[in-house]
Every structure is written in structure tokens, then in C-alpha cells.
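As a plain string of letters, each chain reads:
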Amino acid sequence: MNQEDYAPEDAYEVDSASGDDAEATRRDAGEAESSRASRGWWDRNADEYQSEHGAFLGDDRFVWGPEGLDEAEAALLGPAASLKGKDVLEIGAGAAQCSRWLAAQGARPVALDLSHRQLQHALRIGDDVPLVEADAGKLPFRDASFDLACSAYGAVPFVADPVNVMREVHRVLRPGGRWVFSVTHPIRWAFPDEPGPEGLSVSASYFDRTPYVEQDERGRAVYVEHHRTIGDRVRDVVAGGFRLVDLVEPEWPEWNSQEWGGWSPLRGNLIPGTAIFVCERG
């Protein structure tokens, strides 16, 4: 496999902006290295990300992915009316757009993110949602603190130990609590990260779980993304103590004409780009 033919979906992005000298490779990356790389990458790139995609995300809209699937219509956390009074944890919240939508429904959200700069953007938009800077693998909350938890492309694709995240979410949820998270659809790892026709031909093994790493000239990771197959993700959910209720693969809507990194109407009408896992705590 030629590295230039492959790049993961980069959490809504195609360009890492890690620096012109960053080297892209596939190699092992552990939990600590992955966490450091993610914190640094999002702190460096939060301004550009919010500038480029803020209009699509909105200030108080809950979007599950580049397809534009809106929680107001999907109701994956439950009917909007049922959210009133619920304690909700958003993991990898970025500028807390989803949490703001939840608050508008009468929920009591807490927005958590690893990146200090992303949370500064949340404050820029408004200070109406509690913000917490922390790692998803070490949630700073008591057991059974929340009724619901959600994550739209946050944390899960970037951690070396996703089962640990699942167990942490399970710990802080109350019995019967729902956990819904979206990630790049695993099948996309077999294709080049290109929005045009060149992104429609398989160029890598779907079963190669070696992390995608961008590293500096000293070999230090500046960006890490971890690949799991669909089966892996299901097993991670179960190992974390959850029951998988639904697996949603949003279709590309006719109204959405934008290209976002490797996402595009061309690819979206042919192969899935996002996978949303709807889980419940026993």
C-alpha cells in the first residue's frame, strides 16, 4: 500500500494541518501517545475547524456527521420532549453545539472535551453550558451521574483503548441510560480519503487495524486515529457493558451539496460515511 493513496477520514477533516513536515504512516500508538497527540492537534487546529465548519454545525444544532443527520429529526437519544430534565454528558463536545441544542430542549448537559482551545470556542459562543476539560478515558464524574451520554465524532476514533471509554461511560450512566456515538464508518478505511472518483476504489485492507499516525521529524505523534471494524466496534460496546440497540448508517440527503474532507455527495450516495451506535446500559 502506498501511503499517499490512503488517509483516514480525520474526524470531519481531510487536511491535518499538523505542519508541512508531518510524516503520515501506519504504526502502533498507545493510549498516552494518542491522548497527547489528540490534545495538541485539536488545540492547534480548533480555530481553523470552527471557522471552516461552524456555519454547518451551527451554534446550537445537534448534527451527527457530515451527512447532516440532525438529532431533532433522528431522535436517537429519544424524543425531544423526553429530554427535559435529563442529565446528559457530551463527550468530545468541541464548541458544545450539541449540548446547546440539548439545553434548549430542557436537558441539563455537560460538555466535555480534551482540547482547551475547543472549549474556548464554546465560551466564545456562549457560557450557558457547563464545560469540562478532561480525557474520555478518565471521566471526572461520580458513578451514575447521567441519564444519557452522546458523542458526535468525539473521542472514540482517537483512543487506543475504546473499551475503557465504553466502561467509563457505563460507570457514569444510570441504569437504563442511553449512550449514542458516531464515528467514521469503518469501511471508509479501505478507500482513499478523496471526495472525487479517486475515492471510490479500494486501496487498503479493511482488516488492517494499524493506527494512522502523523508524526514530526523526531518521530513524535502529532495526530493519531485508530481503526476498528464494524465487528470490533460491536464487541467494544458489549465489552463495555452495553446492549446495542441500533446501528445507523445515514444516507446522503439530496439537500447536502457540500464536500467536507473525504465526504461528498458522490461518495455519500454510494458508500456509507458515518456509523452511529445506539447503546443502552443494563
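In the block above lies the structure referred to throughout.
Please read all numbers here as calculations on a predicted model, not as lab measurements.

Q: Looking at this structure, I do not really get the overall build of the chain. What am I missing?
A: Broken down by element type, the chain carries seven helices and 10 strands. Its C-alpha radius of gyration of 18 Å places the chain within 12% of the 19 Å reference for a compact globule of 282 residues. Overall size of the chain, expressed as C-alpha extent along the three principal axes, is 50 × 40 × 40 Å. Expressed as a percentage of its 282 residues, the buried residues of the chain come to 58%. Expressed as a percentage of contacts within the chain between residues at least 6 apart in sequence, the contacts between residues at least 24 apart total 73%. Accessible area of the chain: about 11800 Å², with a carbon and sulfur share of 48%. Across the chain, 28 positive and 49 negative side-chain charges occur, with their mean positions spaced 9 Å apart.

Q: Hey, could you run me through helix H6 (residues 230-239) in this one?
A: Side chains three or four residues apart in an α-helix point the same way, a direct result of the helix having 3.6 residues per turn. Restricting attention to buried positions, one finds in H6 the residues Asp-232, Arg-233, Asp-236 and Val-237. An end-on view of H6 places all buried positions within 135° of arc, on one side of the element. Among the exposed residues of H6, those oriented more than 90 degrees off its buried face are Arg-235 and Val-238. If you follow the buried residues of H6, they end up packed against helix H5 (162-172), strand S6 (173-184), strand S9 (242-248) and strand S10 (274-281).

Q: Mind showing me how you'd approach the side chain of Arg-267 here?
A: Among the structural elements, Arg-267 can be located in helix H7 (residues 265-268). Within the local environment of Arg-267, its side chain forms a polar contact with the backbone oxygen of Gly-199, the two atoms lying 3.1 Å apart.

Q: Quick question: what am I supposed to make of the sheet that holds S10 here?
A: The strands making up a sheet are joined through hydrogen bonds of the backbone, oriented either antiparallel or parallel. Here seven strands make up an open sheet; going across it, the order is S4-S3-S2-S5-S6-S10-S9 and the pairing mixed. Each of the sheet's edge strands pairs with one partner strand only, and the pair in question is strand S4 (131-133) and S9. The sheet shows a mean angle of 20° between the axes of neighbouring strands, taken without regard to direction. Sheet topology places strand S2 (residues 87-91) next to strand S3 (residues 108-113); five bridges connect them, and they run parallel. From the neighbouring strand, Leu-89 faces S3, where its bridge partner is Val-110. Of the strands in this sheet, S2, S3 and strand S5 (146-152) touch helix H3 (residues 97-104), which is tilted by about 175° from S3. Running at roughly 145° to S9, H6 makes contact with S6, S9 and S10 of the sheet.

Q: In this structure, what is going on with the sheet that holds strand S7 (residues 212-215)? I would like to understand it.
A: The antiparallel open sheet is built from three strands, whose spatial order is S1-S7-S8. Each having just a single partner strand, strand S1 (23-26) and strand S8 (221-225) make up the two edges of the open sheet. Ignoring which end each strand starts from, the neighbouring axes of this sheet average 20° apart. Where S7 meets S8, four bridges bridge the pair, whose relative direction is antiparallel.

Q: Explanation requested: the packing of helix H1 (residues 31-57) against helix H4 (residues 116-125) in the structure shown.
A: Helix-helix packing is described using two parameters, namely the angle between the two axes and the distance between the axes. Where H1 meets H4, the closest approach of the two axes is 7 Å, and the angle between their N-to-C directions is 35°. For the pair H1 and H4, the contacting residues are Trp-42, Asp-43, Ala-46, Asp-47, Tyr-49 and Gln-50 in the first and His-116, Arg-117, Gln-118, His-121 and Arg-124 in the second. Among the residues forming the contact of H1 with H4, the class breakdown is three nonpolar, four polar and four charged.

Rules of the game
All residue numbers here refer to positions counted from 1 along the written sequence of the relevant chain. Given that this is a predicted model, residues contribute local features only at a pLDDT of at least 70 and side-chain atom pairs are listed and counted only at 80 or more, while totals for whole chains, interfaces and linings are drawn from all residues. Excluded from the side-chain calculations are hydrogens and water; all other atoms, namely the structure's heavy atoms, are used. Strands are runs of DSSP state E lasting at least 2 residues, helices are runs of H or I lasting at least 4, and numbering of each runs from the N terminus. For this measure, only C-alpha atoms enter the radius of gyration; the expected value for a globule follows 2.2 Å times N^0.38, where N is the number of residues. Each residue is placed in one exposure class: buried if its accessible area under a 1.4 Å probe, protein chains only, is under 20% of its type's maximum, exposed if it is over 50%, and partly exposed if it falls in between. Should any heavy atoms of two residues lie within 4.5 Å, those residues are considered in contact. Each accessible area is a Shrake-Rupley estimate made with a 1.4 Å probe; only the visible protein chains count as cover when residues are assessed. Positive charge is attributed to Lys and Arg, negative charge to Asp and Glu, and no charge count is given to His or to the chain ends. Think of each charge as sitting on NZ of Lys, CZ of Arg, CG of Asp or CD of Glu. Directions pointing from the helix axis toward each C-beta atom define the arc. Definition of a polar contact: a pair of N or O atoms within 3.5 Å, with one able to donate and the other able to accept a hydrogen when the atoms are protein atoms, and with sequence-neighbouring residues admitted only if both atoms are side-chain atoms. Each pair of strands is called paired provided DSSP finds at least two bridges between the two strands. To obtain an axis, a line is fitted to C-alpha atoms, over the contacting stretch when the element is a helix, and the angle between two such axes runs from 0 to 180 degrees between their N-to-C directions. Note on residue categories: nonpolar means Ala, Val, Leu, Ile, Met, Phe, Trp, Tyr, Cys or Pro, charged means Asp, Glu, Lys or Arg, and polar means any other residue, Gly included.

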